Amino acid sequence: MILKEIYITSFGNLENFKLDFSKDLNSFCFDNGYGKTTITYFIRAMFYGLAKSSKNQFIRRRVTPFNKTQFGGYLIFIDNGKTYKIERTFAKSNADDTLTVYVDGRESNELGDIPGLKLFNLNEESFNNTIFITPKDLTFSADGELKTKLGHYVDGEDETIGFDKALENLDKYRKTFVPDKEKDKNGLIANKKNQILDLESNQSQLKTFKDSLEEHKKRYDQLNNDVKKIQEELSKASSLNGLIKDWETYDRFQNNVNELKKNISDINASYPHGMPLDEQIENIKNKEKEKEEARSKLNNLELNDNEKEQLELLKNHFKESIPSEEEINSLKEKHDKYRILLNTKEDALTDKELALIAQFDNKNIDEELLKEDLSKYRELVSESFNNQSTNNNKKAKTKPIKEIVIASISSLFIIAGLISGILVHPLLFIPSGLGLLSLFFDAFIYLKNQINNKVDSSINNSSNSELQAKRNALFLKISATLEKAGYTILAENEIEEKYAKFVADVALYKEAKTRQNVVNEANLALKSNILITKKQLEAIYAKYHYDGTENDNYDQLNKDIALYKNYIERLKYIEENRNSLLAKLASINDDVSSFIKKYEIQNFDEFVLKLENDKTRLKVFENNLKQANAELDQFKKEHKLDDRPVVNETINIDELNNKNNELNKEIAQENQERGEIENNIISLENKLSFLDEYKEQLKTLNYRYNLVKNTISHLKKAEDSLKAKYIDPVKNSLITYINSLEETLGKKLGIDADFNLYYIEEGKQRDYRHLSDGILTLVLLSYKLAILDNIFSSDKPFIILDDIFAYLDTDNLEKAKRLLKKISNNKQILYFTCYTNRHIA
Amino acid sequence: MKIIHAADLHLGSKIESKLNSISEERKLAVRDSFRRLIDYAKNNNISSILLSGDIFDSNKPFKKDKDYFYAFIDKNPDITFYYLKGNHDNEEKSDDNHPNLKTFTDSWTSYDLNENVTISGLEIDEKNYLTFYSSLNLNPKKINIVMLHGQESETLANNNIKISKLKDKNIDYLALGHIHKYKEGQIDHRGKYVYSGCIEGRGFDEIGEKGFVEIEIIDGKISSKFIHFSSRDILEEEVDISNASSQPDILSLIKEKVHFIGKDIYRIKLVGDVNYELEFNEDDIAQALQGSAYFIDVKNKTLPLINPDKFLNDLSLKGEFVRSVYADTSLDEADKRKIASLGLKALEGREVNIE
């Protein structure tokens with residue numbers, strides 16, 4: 001690979017900066033601060049970018065130009081005949097960085113995201129440690145081991161401490177687990193084992209205590225434990241142990257069945273006559289109800305005290321007899337009659353009749369005489385009438401008909417005019433005014449006619465005065481007579497009317513007088529009837545000892561009869577039914593007693609509760625029995641239990657009892673000791689509680705120890721592998737370089753089998769420590785070049801030397817320059833320095 | 001009516017060695033849990049306590065533990081204790097008579113709490129473990145509480161309980177012991193089974209809230225609820241520290257994830273893939289967290305983060321070493337990471353150790 005060109009658009013303090021490279025030695029001399037290091041950063045950044053790492057973060061900050069958010073450039077190189085251009089821009093964050101690769105002028109993905117990785121097959125760190133050579137890589141402190149320096153191969157000195165030191169530290173750590181010497185006594189693992197052994201020794205002690213405690217407890221548990229032990233021994237001793245166990249299980253199943261059967265049997269046994277059916281219980285309950293009802297009926301039949309008292313009173317009323325039906329009917333008739341009579345109103349004259357009787361009784365009016373007088377009077381009136389007819393005619397003529405008509409029409413005019421004037425128009429008052437005038441005129445005409453009539457009358461009166469006197473006398477006589485009868489006549493013209501009234505009233509009077517006689521007779525008869533009926537009723541009531549009023553007595557008697565009859569009926573009914581009820585009660589009692597006796601019932605309700613409970617239990621037991629039988633059969637079938645094994649061994653219980661008795665005697669004393677043993681056990685158990693943890697810790701220690709051993713093993717393996725890959729070839733390559741240095745340095749150098757550097761002086765092999773720093777720098781440079789040769793056997797990349805000869809004196813500097821020129825014959829070298837004297841022209 | 005269902009007190013039990021520094025307090029707490037249980041019963045007018053096995057940690061309990069237990073029973077005659085032995089204490093037997101202590105045998109034994117409630121129990125052993133299911137007869141008209149001690153299992157074996165075989169047996173509440181964590185499930189349409197769990201945790205294998213079950217029977221209906229009763233809970237929390245770059249970062253991540261309760265006991269498990277360069281120490285972290293809770297144990301379960309691809313083109317010894325480790329097919333991934341991490345640390349001159 002040959003680097004051709006770099007162009008920096010902007011990177012660090014460089015801007016639009018371009019460098020072209022030749023294929024051999026390229027020596028650049030820039031002033032201090034010009035950007036020498038920046039260029040080396042740029043080249044590396046072109047190949048590897050500025051990926052996110054703390055180191056790169058530092059570089060990114062350092063090369064980010066002031067006031068710029070984007071920076072970068074490109075790099076051109078030739079590899080295997082192709083021209084590559086890597087163009088990158090960088091931003092504040094690597095997420096915004098860009099990369100474009102051109103191969104022979106065309107954009108390509110051939111180099112991937114990290115071109116350096118693809119091109120050199122090195123990660124960024126390895127690239128730094130091989131292709132980049134800094135003064136630090138070539139310096140060597142006085143107390144440092146050159147061998148260590150040479151052994152670093154491609155490791156950055158600032159990041160690793162080297163294989164030997166690492167191995168030493170790991171080994172030291174390993175030895176904390178298992179030291180090489182006295183490994184059985186010291187070290188974490190041995191210590192832990194010892195701790196475990198200590199605890200385990202406690203365990204045996206604990207076991208001793210526990211065994212001892214066990215003994216105490218065994219004794220303390222007396223016979224039961226011993227019997228159990230003996231049973232267990234027996235069980236164990238039997239070769240048919242399994243079968244016995246099965247039979248034991250079978251027996252348990254059978255016991256279940258038997259237990260259930262027993263339970264069922266117990267329940268059934270408590271009902272020697274069988275469990276009464278629900279219907280029977282219901283029947284007994286009904287009987288009890290019937291009994292109660294019969295009792296209640298019996299009680300209801302009997303008369304109570306009030307009723308008895310009442311009956312006695314009634315008996316008193318009806319001690320002679322109870323009124324017969326006829327008697328009662330008769331009484332009812334009489335009572336009804338009496339009531340009707342009492343309610344019958346006496347006949348009476350009307351008020352008119354009474355007034356007529358009062359008017360005419362004892363007045364002594366001679367009707368015939370009055371009739372004659374009236375006749376006479378009529379004649380006189382007739383005469384007078386004839387004399388006065390003319391006057392009367394006149395009077396008739398002067399009747400004011402015309403005036404009345406006129407007055408009426410006038411009045412109509414007045415009213416119509418007034419209404420129209422008010423409602424329609426004032427001019428319409430005029431008809432009212434005309435009507436009024438007409439009315440005044442009519443009045444005048446009427447008054448004038450009246451005055452003329454009066455003058456005519458006075459002339460006729462003087463000619464008939466005699467006839468009038470007679471007439472007046474008779475009129476007075478008739479008037480007086482009629483006055484006596486109550487008819488007052490104020491004028492002659494009333495005579496005929498009053499007389500006619502008189503005649504009619506007299507006729508009515510006579511009729512009233514007749515009716516007065518009839519009424520009086522009827523009322524007398526009524527009173528007599530009432531009296532008779534009352535006496536009859538009183539006689540009947542007295543017979544039955546009632547002394548109240550007729551009405552009260554009647555009602556009471558009827559009520560009492562009904563009541564009395566009811567009592568009689570009831571007494572009869574009682575008499576008839578008492579016996580049948582008593583018989584029924586006796587029958588029920590017999591039935592119930594028979595049931596109770598049969599089932600030996602103390603308390604029927606409790607019996608019913610128990611019966612229900614027993615029936616439920618019986619059902620459960622029967623169900624479970626069914627299940628238990630099925631399980632029993634199944635178990636027997638599954639375990640093929642045909643014949644029960646016979647155990648011939650005999651158990652000596654007495655011997656065991658004696659043994660237990662002996663042990664019992666010791667219990668009190670052992671009990672005392674037991675507390676002490678228990679405390680010891682607790683103490684030991686507390687200690688032993690760590691045993692599992694210690695064992696776990698030992699496991700962890702062993703695990704860690706193996707991890708460390710594995711780590712050491714792999715580290716050694718890696719070292720060997722690295723050596724195989726690089727060290728020997730590097731050593732050979734280095735020897736070639738060193739041999740070639742002889743001419744340049746004027747000294748023969750060499751490296752022994754253990755990578756120790758030496759030089760030959762006066763035919764003797766001398767230690768490298770006598771060599772100057774300058775020579776050692778060149779040796780180290782040769783070493784780096786040897787590594788490069790080894791890594792890149794065919795297509796070798798450029799190398800970048802960052803002012804690596806800063807510490808060389810002039811003599812050695814010249815030697816170094818010569819060396820570089822020589823190397824650059826077959827290697828592209830980019831050499832940067834800031835001093836002209838170190839510049840290689 | 002209320003009833004307490006408790007189990008697995010394990011009186012006289014050892015405490016996990018990790019809790020060594022607080023083991024005495026823990027032992028006392030385990031023992032005191034029985035006293036507190038009785039106090040709870042008294043304060044809540046509960047006159048029946050069911051103890052479903054493993055009350056003692058040993059078949060042959062220490063005398064002082066026995067004395068303690070039976071003394072509390074004798075001191076509380078108003079409370080009836082129904083003590084069914086478990087696999088740990090199956091040979092336990094009191095030497096004296098305790099009228100308020102009801103015990104069970106290898107056959108079904110029943111006690112009527114009142115006319116409506118019956119408590120039945122049986123101690124499972126190698127002889128009856130097949131047959132005890134079919135010998136259980138319960139009155140369907142009563143509330144039936146059944147006590148057993150054993151492992152819920154589908155297999156019929158000694159100390160196992162096959163719940164499905166207890167279906168349609170008229171059980172209303174199956175009070176179980178053996179599992180140290182509260183658990184409940186349905187037996188059939190009628191009843192459920194309940195493991196009350198232990199009352200106090202004794203190590204990091206008994207984490208979470210511990211307590212007992214309070215059963216209540218009202219108007220013929222039975223119900224139950226878990227009562228969290230442990231004086232201290234033992235809790236385990238996993239904290240992923242993959243993003244930590246220093247020990248203070250780890251502490252921050254722990255404090256962010258875990259809401260410590262001062263009275264409780266914690267195990268913090270550090271997990272995740274961490275940069276192999278990150279150096280920290282479990283004990284230092286535990287020490288830094290002391291005061292946040294009663295006791296804190298820190299367990300490092302992280303793996304070093306190694307990217308072998310990074311070393312593919314590395315010509316250095318580091319590259320060669322990592323490639324060598326990753327090419328070793330006898331190692332698993334975790335070991336590869338640990339070895340690579342240790343070797344890299346050695347090569348970089350860092351402190352060489354394995355956490």
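Keep in mind the model is a prediction, meaning the values are calculated, not measured.

**Here we look at the overall build of chain B**
Inference 1: Looking only at helices and strands, one finds six helices and 19 strands in chain B.
Inference 2: The burial tally for chain B puts 57% of its 355 residues in the buried class.
Inference 3: Within chain B, counting contacts between residues at least 6 apart in sequence, those at least 24 apart form 65% of the total.
Inference 4: When the accessible surface of chain B is totalled, it reaches about 14500 Å², and 44% of it is carbon and sulfur.

**Regarding the interface of chain A and chain B**
Inference 1: The interface of chain A with chain B comprises 63 residues on the first partner and 58 residues on the second.
Inference 2: Together, the buried faces of chain A and chain B total about 5300 Å²; carbon and sulfur atoms form 55% of this surface.
Inference 3: Here chain A is connected to chain B by two salt bridges.
Inference 4: One salt bridge in this structure joins A:Glu693 and B:Lys18, with 3.9 Å as the shortest N-O distance.
Inference 5: Inspection of the chain A/chain B interface yields 12 residue pairs in polar contact (both at pLDDT 80 or more).
Inference 6: Contributing elements (two or more residues each) for the side of chain A that touches chain B: helix 4 (124-130), helix 7 (163-177), helix 8 (187-220), helix 10 (241-269), helix 22 (604-638) and helix 23 (653-745) of chain A.
Inference 7: The element best represented in the side of chain A that touches chain B is helix 23 of chain A, accounting for 25 residues.
Inference 8: For the side of chain A that touches chain B, the per-class residue count stands at 26 nonpolar, 20 polar and 17 charged.

**Some points on the pattern of salt bridges**
Residue and element names in this part refer to chain B.
Inference 1: A complete count under the given rule lists 72 salt bridges over all chains for this structure.
Inference 2: Among the ionic pairs, Lys 2 bridges to Glu 214, the shortest N-O distance being 3.5 Å. Here the residue Lys 2 occupies a position in strand 1 (residues 2-6), and Glu 214 occupies one in strand 13 (residues 211-218), the gap between them amounting to 212 residues.
Inference 3: For Glu 214, a relative accessible area of 3% translates into the label buried.
Inference 4: It is possible to trace a salt-bridge network through shared partners that takes in Glu 25, Arg 26, Arg 36, Glu 200 and Arg 232.

**Description of a nonpolar patch on the surface**
Residue and element names in this part refer to chain A.
Inference 1: There is a patch of nonpolar side chains on the surface, built from Ile 415, Leu 418, Ile 419, Ile 422, Leu 423, Val 424, Leu 428 and Phe 429 and spanning about 780 Å² of accessible area.
Inference 2: Mapped onto the secondary structure, Val 424 falls in the loop between helix 17 (401-423) and helix 18 (430-461).
Inference 3: A residue is classified by how much of its surface remains accessible, and Val 424, at 62% relative accessible area, is exposed.

**What about helix 1 (residues 36-48) of chain A?**
Residue and element names in this part refer to chain A.
Inference 1: Taking 1.5 Å of rise per residue, 13 residues should cover 18 Å, and helix 1 covers 19 Å from first to last C-alpha, within 8% of that figure.
Inference 2: Counting buried positions along helix 1 gives 12 out of 13 residues, so the element sits mostly inside the fold.
Inference 3: Listing the buried residues of helix 1 in full gives Lys 36, Thr 38, Ile 39, Thr 40, Tyr 41, Phe 42, Ile 43, Arg 44, Ala 45, Met 46, Phe 47 and Tyr 48.
Inference 4: Trailing helix 1 by a residue or two, Gly 49 shows a phi angle of about 70°, which is positive.

**Some words on helix 3 (residues 247-257) of chain B**
Residues and elements named next belong to chain B.
Inference 1: All buried positions along helix 3 are accounted for by Ile 250, Leu 251 and Ile 254. What you see down the axis of helix 3 is that its buried residues fit within an arc of 100°, all on one side. For helix 3, exposure combined with an orientation more than 90 degrees from the buried face picks out Pro 248 and Glu 256.
Inference 2: Among the structural elements, strand 15 (234-240), strand 16 (265-271) and helix 4 (282-289) are those in contact with the buried residues of helix 3.

**Some words on the confidence of the model for chain B**
Inference 1: Model confidence for chain B is summarised by a mean pLDDT of 92, while 100% of its residues fall at 70 or above.
Inference 2: Quick note on the complex model: pTM equals 0.52, ipTM equals 0.72.

**Some points on the side chain of B:Arg232**
Residue and element names in this part refer to chain B.
Inference 1: Its location among the elements puts Arg 232 in the loop between strand 14 (221-228) and strand 15.
Inference 2: Overall, the relative accessible area of 16% leaves Arg 232 in the buried class.
Inference 3: Separated by 2.9 Å, the side chain of Arg 232 and the backbone oxygen of Lys 263 make a polar contact.

**Describing the sheet that holds strand 1 (residues 2-11) of chain A**
All names here are of chain A.
Inference 1: The strand order across the open sheet formed by six strands is 2-1-4-5-6-7, and the pairing between neighbours is antiparallel. Each end of this open sheet is capped by a strand with a single partner; those strands are strand 2 (14-20) and strand 7 (106-107).
Inference 2: Pairing between strand 4 (residues 71-79) and strand 5 (residues 82-90): nine bridges, direction antiparallel. When the sheet's bridge partners are listed, Ile 76 is paired in strand 5 with Lys 85.
Inference 3: Where helix 1 meets the sheet, it contacts strand 1, strand 2, strand 4 and strand 5, and its direction lies at approximately 105° from that of strand 1.

**Remarks on the side chain of B:Thr109**
Inference 1: Turning to its location among the elements, B:Thr109 is positioned in strand 5 (residues 109-112).
Inference 2: With near-sequence residues (within four places) excluded, B:Thr109 lies in contact with B:Thr103, B:Phe104, B:Ile119, B:Ser120 and B:Gly121.

**Focus: unusual backbone geometry**
Inference 1: One non-glycine residue, A:Asn67, adopts positive backbone phi at about 65°.
Inference 2: Mapped onto the elements, A:Asn67 comes out in the loop between helix 2 (54-63) and strand 4.
Inference 3: A relative accessible area of 70% places A:Asn67 in the exposed class.
Inference 4: Of note, the phi angle at B:Asp168 is positive, near 55°, even though the residue is not glycine.

**What about the nonpolar core?**
Inference 1: Counting 132 residues, the largest nonpolar core has A:Ile43, A:Phe47, A:Phe77, A:Phe120, A:Leu781, A:Phe798 and A:Phe805 as the members making the most contacts within it.
Inference 2: For this core, the leading source of residues is helix 23 of chain A, giving 24 residues.
Inference 3: What A:Ile43 contacts, discounting residues up to four positions off in sequence, is A:Leu3, A:Ile6, A:Leu75, A:Phe798, A:Ile800 and A:Leu830.
Inference 4: Membership of the second largest hydrophobic core comes to 27 residues, among which are B:Tyr40, B:Phe72, B:Tyr83 and B:Ile227.

**Details of the packing of helix 15 (residues 367-387) of chain A against helix 19 (residues 465-484) of chain A**
Residues and elements named next belong to chain A.
Inference 1: With their axes 9 Å apart at the nearest point, helix 15 and helix 19 run at an angle of 145° to one another. Judged by the sense of rotation from one axis to the other, the crossing of helix 15 with helix 19 is left-handed. Residues Leu 369, Leu 370, Asp 373, Leu 374, Lys 376, Tyr 377, Leu 380, Val 381, Glu 383, Ser 384 and Asn 387 of helix 15 touch helix 19, and the partners they reach there are Leu 467, Gln 468, Lys 470, Arg 471, Leu 474, Phe 475, Lys 477, Ile 478, Thr 481 and Leu 482.

**Topic: the sheet that holds strand 12 (residues 192-195) of chain B**
Backbone-to-backbone hydrogen bonds pair the strands of a sheet. The strands run either parallel or antiparallel.
Residue and element names in this part refer to chain B.
Inference 1: In space, the six strands of this open sheet follow the order 5-6-7-10-12-11, with mixed pairing throughout. Both edges of this open sheet fall to strand 5 and strand 11 (183-186), since each of them pairs with a single strand only. Within this sheet the neighbouring strands show an average axis-to-axis angle of 20°, counted without direction.
Inference 2: In this structure, strand 11 lies alongside strand 12, joined through four bridges in antiparallel fashion. Bridge assignment links Lys 183 to a residue of strand 12, and that residue is Tyr 195.

The rules behind each value
- Residues numbered from 1 in each chain as written.
- Chains lettered and ligands numbered in written order.
- Predicted model: local features only at pLDDT ≥ 70, side-chain atom pairs only at ≥ 80, totals over all residues.
- Heavy atoms only, no water.
- Helix = DSSP H or I, 4+ residues; strand = E, 2+ residues; numbered from the N terminus.
- Buried < 20%, exposed > 50% of the residue type's maximum accessible area, 1.4 Å probe, protein only.
- Contact = heavy atoms within 4.5 Å.
- Areas by Shrake-Rupley, 256 points an atom, 1.4 Å probe, with all protein chains shown as cover.
- Buried area = accessible area lost by both parts, 1.4 Å probe.
- Salt bridge = Lys/Arg side-chain N within 4 Å of Asp/Glu carboxyl O.
- Polar contact = N/O pair within 3.5 Å; in protein donor to acceptor, adjacent residues only side chain to side chain.
- Nonpolar A, V, L, I, M, F, W, Y, C, P; charged D, E, K, R; others polar.
- Patch = residues over 30% accessible without salt bridge, like charges linked within 9 Å, V, L, I, M, F, W, Y side chains within 5 Å.
- Expected span 1.5 Å × (residues − 1).
- Arc of directions from axis to C-beta.
- pLDDT = per-residue confidence, 0-100.
- Pairing = 2+ DSSP bridges.
- Axes fitted to C-alpha atoms, helices over the stretch in contact; angles between N-to-C directions.
- Core = buried A, V, L, I, M, F, W, Y, C linked by side-chain atoms within 4.5 Å.
- Left-handed = near helix turned anticlockwise from the far one by under 90°.

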